[in-house]
Amino acid sequence: MRGREIIVWRTPRRSWETMESRALPVLVQVDFEVFGDLQGVSFVQHAKTLADRIGVRGWIKLTFYGTAIGQIQGEKEKVDEMALWLRHTGCPRSRIHYVDFQNWRVTDGFEYRKFSARV
C-alpha cells in the first residue's frame, strides 16, 4: 500500500445536549384566575414568594369576589411550575377549587420587571 495515503476527516463531536443548551429559551405568557378559599390566608404573598424564587414575572391580586387574578411571564418550564402551584398547591391554608388559565401565548420579551402583588 505504498504510495497511497488514507485521509481521515475528523469532525468535532456535537451532542444534542450542547445544541439544545445553545437554543434560546421559549418565553410564554398566561393570564389566570384562581377560585377557592383565598381570603385571609396570605395567598398573594405566598404566590409572590414562589414567583420570586423560581424567576417568573407578572402580577397577582385578590378581587372583590374572592378570586385571585393575574398574569405570569417567563421561561416555559418556570411558568408551568408556577401554574402547577396555583392549581394544586397554593398556600398552606388555602383551598383551591378551580383555576382558569387563558391566553397562553409565546412572547418575544418581557412586559414586567418582576412579579408584583397588586392591591
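Coordinates for the structure precede this section.
The shown structure was predicted, so the numbers you read here are calculated from the model rather than taken from an experiment.

Here we look at the pattern of salt bridges
Then step 1. With the rule as written, the count across this model stands at three salt bridges.
Then step 2. R95 is the salt-bridge partner of D37, the closest N and O atoms lying 3.3 Å from each other. Separated by 58 residues along the polypeptide, D37 in strand β1 (residues 27–37) and R95 in strand β4 (residues 95–107) bring together distant segments of the chain.
Then step 3. The exposed category is assigned to R95, whose relative accessible area is 54%.
Then step 4. For the salt bridge of K76 with D80, the shortest nitrogen-to-oxygen distance reads 2.8 Å. Here D80 and K76 lie together in helix α3 (residues 76–89), a separation of four residues that amounts to about one turn.
Then step 5. With relative accessibility at 38%, the residue K76 sits in the partly exposed group.
Then step 6. For D80, a relative accessible area of 26% puts it in the partly exposed group.

The rules behind these values
- Residues numbered from 1 in each chain as written.
- Predicted model: local features only at pLDDT ≥ 70, side-chain atom pairs only at ≥ 80, totals over all residues.
- Heavy atoms only, no water.
- Salt bridge = Lys/Arg side-chain N within 4 Å of Asp/Glu carboxyl O.
- Helix = DSSP H or I, 4+ residues; strand = E, 2+ residues; numbered from the N terminus.
- Buried < 20%, exposed > 50% of the residue type's maximum accessible area, 1.4 Å probe, protein only.

Worth remembering: the numbers are spatial, not functional.
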